[in-house]
Amino acid sequence: MPLIENIDYLKPRMLFNGHLQTIVPSIFRKVIELPFERERITTTDGDFLDLDWLRKGSRKLVIISHGLEGNSRRPYMQGMAHQFHRQGYDVLNWNFRGCSEEQNILPIFYNSGATYDLETVVDYAKGNYDELYLIGFSLGGNLILKYLGEERTRVSRIKKAVAISVPLHLESSCNQISRGRNLIYSKKFLRTLKEKIIRKAEVHPKDIDLELLAKVKTLRDFDDVYTGPLHGYDDAHDYYEKCSSLYFLEGIEVPSLILNAVNDPFLSPLCYPKELALKLENVYMEFPKQGGHVGFSPRTRGEIYWSEKRAFEFINSDE
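Residues numbered from 1 in each chain as written. Predicted model: local features only at pLDDT ≥ 70, side-chain atom pairs only at ≥ 80, totals over all residues. Heavy atoms only, no water.

Enquirer: In this structure, what is going on with the overall build of the chain? I would like to understand it.
Expert: Helix and strand content of the chain: ten helices and nine strands. The globule rule puts the C-alpha radius of gyration for 319 residues at 20 Å, and the 18 Å found for the chain is close to it. A buried classification covers 59% of the 319 residues belonging to the chain. The long-range share in the chain, meaning contacts at least 24 apart out of those at least 6 apart in sequence, stands at 76%. Total accessible area on the chain stands at roughly 14,100 Å², and carbon and sulfur atoms take up 52% of it. Across the chain, the 42 positively charged side chains and the 44 negatively charged ones have centroids separated by 6 Å. (Helix = DSSP H or I, 4+ residues; strand = E, 2+ residues; numbered from the N terminus. Rg over C-alpha atoms; globule rule 2.2 N^0.38 Å. Buried < 20%, exposed > 50% of the residue type's maximum accessible area, 1.4 Å probe, protein only. Contact = heavy atoms within 4.5 Å. Areas by Shrake-Rupley, 256 points an atom, 1.4 Å probe, with all protein chains shown as cover. Lys, Arg positive; Asp, Glu negative; His and termini not counted. Charge placed at Lys NZ, Arg CZ, Asp CG, Glu CD.)

Dropping the structure here:
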């Protein structure tokens, strides 16, 4: 499939590097208040997932997955939902375990490879629609690509997918976000993750050892001590290796677009697999020079975000 590196995205003039292109839209983007309908569904293991729906009677549904420590109401999630809803699609923004307003029930929470929860959402929604589409941001992008690549029987359920700002290789991307100027991001994520694990330990003291929290200085430490073992992995390395979507791309059988900006401060060089891109039959890769992480702000105020425009073009095309 085509690999496009010089794709036509024009950044705002004042946002001259990847950090500004990441931070400014995450802080200053105006939230679009959409008339979501909240629904809670039960998982097979007795937990719950909170779903936010935008319905207009369409037979086409877009399911949108958020990133690390995000939720269904983040500006980038609402922006994408608004773009597709106004074009005639039903939209489902869903919250990973522990990411809505209420802490989930079980000791586990969410992780980059938890495709069983995405499977629950797809199975719940698919009966009412002729066509389903997946969109994922960052961790959510890794999740949807792994989901599509790990089991070929899922092809008939999903027509297309778009993954934006995806850490295709989790281990090297974790190292990338934890060095130099990128520490501002990893420290923010680590702070909220620690807060969550403390609250969970109050409910599940036998499953979560808070004495180990003192050893957690980085995101990798957190995954090594908590994320990995809680979700059945030996450690952080085992978790990263078994959940990196890079290793599942060859199994994808539906048209899927990966959109990673070259100046994304979260992504390692392994997240731009150019040689692999030329060999894949169903995966398209576009690597614009600018965009930051989940950024892609429009150059002119009032225009839609470029990632939303590109996602709609891809899903609505004959590709």
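Enquirer: What is the right way to read the pattern of salt bridges from this model?
Expert: Side chains carrying opposite charge are able to pair once their charged atoms draw close together. Taken as a whole, this structure holds 21 salt bridges when the rule is applied. In this structure, Asp130 and Arg59 form a salt bridge, with 3.2 Å as the shortest nitrogen-oxygen distance. Remark: Arg59 occurs in the loop between strand E3 (48-54) and strand E4 (60-65) and Asp130 occurs in the loop between helix H3 (115-125) and strand E6 (131-137); sequence separation between them is 71 residues. Judged by its relative accessible area of 52%, Asp130 falls in the exposed class. Under the relative-accessibility criterion, Arg59 is labelled partly exposed at 41%. In this structure, Glu171 engages Arg220 in a salt bridge whose closest nitrogen and oxygen atoms are separated by 2.7 Å. Of the two residues, Glu171 sits in helix H5 (residues 170-177) while Arg220 sits in helix H7 (residues 219-230), which places them 49 residues apart along the sequence. In this structure, a network of salt bridges that share partners links the residues Arg38, Arg40, Asp50, Asp52, Arg73, Glu101 and Glu102. (Salt bridge = Lys/Arg side-chain N within 4 Å of Asp/Glu carboxyl O.)

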